[in-house]
Amino acid sequence: MTSDTSIDIAIIGGGIIGICAATYLAEAGRSVTVFDRTGICEETSSGNAAAFAFSDVLPLAHKGMIRQLPKWLADPLGPLAVPPAYLPSLLPWLIRFWRAGAAKHYEASVAAQAGMMKLAEAEWMGLLDRSGTRPMLREDGSLELYESEAEFRASLPGWAERERFGIGFRHVEGEEMASLQPGLSPRFVKGTFVPGWKTVADPKLLGKAVWAYAEKLGARFEHARIERIEAGTNGATIMLADGTTRKAKQLVVTAGAWSHLLAKNLGDRIPLETERGYNTTLPISAFDVKRQLIFSGHGFVITPLETGLRVGGAVELGGIERPPNFRRSKAMLEKAKRFLPGLDPSGGREWMGFRPSLPDSLPVIGAARAPGVFYAFGHGHLGLTQAAATGRLIRDLVLGQNPPLDLTPFRPQRF
Ligand SMILES: Cc1cc2nc3c(=O)[nH]c(=O)nc-3n(C[C@H](O)[C@H](O)[C@H](O)COP(=O)(O)OP(=O)(O)OC[C@H]3O[C@@H](n4cnc5c(N)ncnc54)[C@H](O)[C@@H]3O)c2cc1C
């Protein structure tokens, strides 16, 4: 067994959350080493839908979603699926998820998420400038589409909620809708345009570019699978799969959907599940999509990227072990072809990623019960959106500074 006592701050997980935390700490002059078993933004943070969804403040377990549940669950390739064999393991999480949608929790959750989103936008805009990645930002808004008056009307309470938090939007139809996205199927009768919605040119390329900036500031990367962590008053011990160990004065766990396994080593039991999501990235020539198109009734989006046209979404509550079921990607692609009749569905690359999700749709950001250890994971559908804010908050916590946000709703001990 070898050990290396030189690490100041170790970060486990090189997804978008880990690299943003590393960047903020490196900017503050701290020495940081990121550990990852694959690479920088090579897993969930590589293939997501690329949205800076700053206006997405409603918890997943909101009324609109609960109303859709029976229809969705009836379709095995629909927007939400639970493999029957996984249901018993999932049940405790599902009960908490259901409870999170109750009126008394809902209001506090929306307020916490709205506060986080305000910080998220400000921090990303600053980080994009400092890291020289601002040209990767796309500010062309999003268009959510409805197939019936009834579906449109059902969306209105959600829009009224967003309005309370100053989120701008405009309901559109007819020529205006067609000019926002030419070539749409006539099945869509109404839409909502959100001008402030932003996307990035490619989430993986953005992550790698931010990391290049962090490396210039001195952040380091070590390619390793972490088997176990321990922590005490003298710092943390990190055990690698090759049998070696590393010591670190402080430790940040940003291991996405696998974070709870490491937290358990330290005695913290956190109900982290994964909402597996699927997509297909088509060649850029597949269709001229003007901005992100959102089909909430079908649980998927189409995002025009610099590197292709990404079609996907959906939620499969199937855990971290089960192999992917790419029939789900295909089902969304078939629908996309119906929604944009001119779309060429050939030549795509299929992908599955693990959204790290907590039952109340808020991430865990805060100190572990062990000294010198911090957690930042569980961002669910919003990890790209909230990564810079999380980096900023982790920097403040590690440096012992006051964070700009009340972190009570995000504390790891809330469950
Ligand atoms: C289909 C889909 C669409 C999405 N669209 C959006 C979107 O448009 N906007 C948005 O904001 N979010 C979106 N998300 C969510 C977003 O992708 C995630 O919230 C985010 O990527 C999570 O980042 P992370 O750094 O926490 O986890 P990850 O990116 O999974 O990174 C965790 C890293 O930890 C490493 N790791 C884990 N355990 C160990 C270990 N023991 N040893 C070493 N390394 C380890 C893994 O290798 C991985 O690289 C989407 C997700 C999916 C699946």
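Residues numbered from 1 in each chain as written. Predicted model: local features only at pLDDT ≥ 70, side-chain atom pairs only at ≥ 80, totals over all residues. Heavy atoms only, no water.

Let's talk about the overall build of the protein
Stage number 1. Each helix and strand counted, the protein has 10 helices and 20 strands in total.
Stage number 2. For the protein, the C-alpha radius of gyration of 21 Å lies close to 22 Å, the compact-globule estimate for 415 residues.
Stage number 3. Along the longest, intermediate and shortest principal axes, the C-alpha atoms of the protein span 65 × 45 × 40 Å.
Stage number 4. For the protein, with 415 residues in total, the buried portion stands at 58%.
Stage number 5. For the protein, the accessible surface area stands at approximately 16,800 Å², while carbon and sulfur atoms represent 55% of it.
Stage number 6. Here the protein holds 48 positive side-chain charges and 42 negative ones, and the gap between their average locations is 4 Å. (Helix = DSSP H or I, 4+ residues; strand = E, 2+ residues; numbered from the N terminus. Rg over C-alpha atoms; globule rule 2.2 N^0.38 Å. Buried < 20%, exposed > 50% of the residue type's maximum accessible area, 1.4 Å probe, protein only. Areas by Shrake-Rupley, 256 points an atom, 1.4 Å probe, with all protein chains shown as cover. Lys, Arg positive; Asp, Glu negative; His and termini not counted. Charge placed at Lys NZ, Arg CZ, Asp CG, Glu CD.)

As for the packing of helix α4 (residues 103-130) against helix α10 (residues 387-399)
Stage number 1. Across the interface, α4 lies against α10 with an axial gap of 7 Å and an inter-helix angle of 90°. Here α10 runs roughly perpendicular to α4, going by the angle between their axes. On α10, the residues that touch M116, L119, A120, E123, W124 and L127 of α4 are A387, A388, A389, T390, R392 and L393.
Stage number 2. Residue classes in the contact of α4 with α10 are distributed as 9 nonpolar, 1 polar and 2 charged. (Axes fitted to C-alpha atoms, helices over the stretch in contact; angles between N-to-C directions. Parallel < 35°, antiparallel > 145°, perpendicular 65-115°, else oblique. Contact = heavy atoms within 4.5 Å. Nonpolar A, V, L, I, M, F, W, Y, C, P; charged D, E, K, R; others polar.)

Digging into unusual backbone geometry
Stage number 1. Despite not being glycine, C41 has its phi angle at roughly 50°, a positive value.
Stage number 2. Residue placement: C41 occurs in the loop between β2 (32-36) and β3 (51-52).
Stage number 3. You can call C41 buried: its relative accessible area is 1%.

Looking at the environment of G141
Stage number 1. Inspection of the secondary structure assignment puts G141 in the loop between β5 (137-138) and β6 (142-146).
Stage number 2. Classification of G141 as buried rests on a relative accessible area of 0%.
Stage number 3. G141 sits 54 residues away from P195 along the chain, and the two C-alpha atoms are 4.1 Å apart.
Stage number 4. Setting aside its immediate chain neighbours within four residues, G141 contacts F193, V194, P195, W197, R291 and Q292.

Some remarks on the packing of aromatic side chains
Stage number 1. In total, this model carries 13 aromatic pairs according to the counting rule given.
Stage number 2. Arranged with centres 5.2 Å apart and planes meeting at 65°, the rings of W258 and F354 form a pair that is edge-to-face. Of this pair, W258 sits in the loop between β13 (245-253) and α8 (259-265) while F354 sits in strand β18 (residues 349-357), placing them 96 residues apart in sequence. Here the two residues W258 and F354 agree in accessibility, since each one is buried.
Stage number 3. Sitting above the plane of the W258 ring, R37 keeps its charged end 4.2 Å from the centroid.
Stage number 4. A cation over a ring is seen here: R130 above Y24, with NZ or CZ 5.3 Å from the ring centre. (Phe/Tyr/Trp six-rings, centres within 6.5 Å; stacked < 30°, edge-to-face > 60°. Lys NZ or Arg CZ within 6 Å of the ring centre and 35° of its normal.)

Digging into α4
Stage number 1. Taking 1.5 Å of rise per residue, 28 residues should cover 40 Å, and α4 covers 41 Å from first to last C-alpha, within 8% of that figure.
Stage number 2. In the segment just after α4, G132 is the residue with positive phi, at about 70°. (Expected span 1.5 Å × (residues − 1).)

Things to note about the state of the cysteines
Stage number 1. Within this structure, the stated rule accounts for 0 disulfides.
Stage number 2. The thiol sulfur of C20 is not disulfide-bonded, and the nearest other cysteine sulfur, from C41, lies at 7.8 Å.
Stage number 3. Given a relative accessible area of 0%, C20 falls into the buried group. (Disulfide = S-S within 2.5 Å.)

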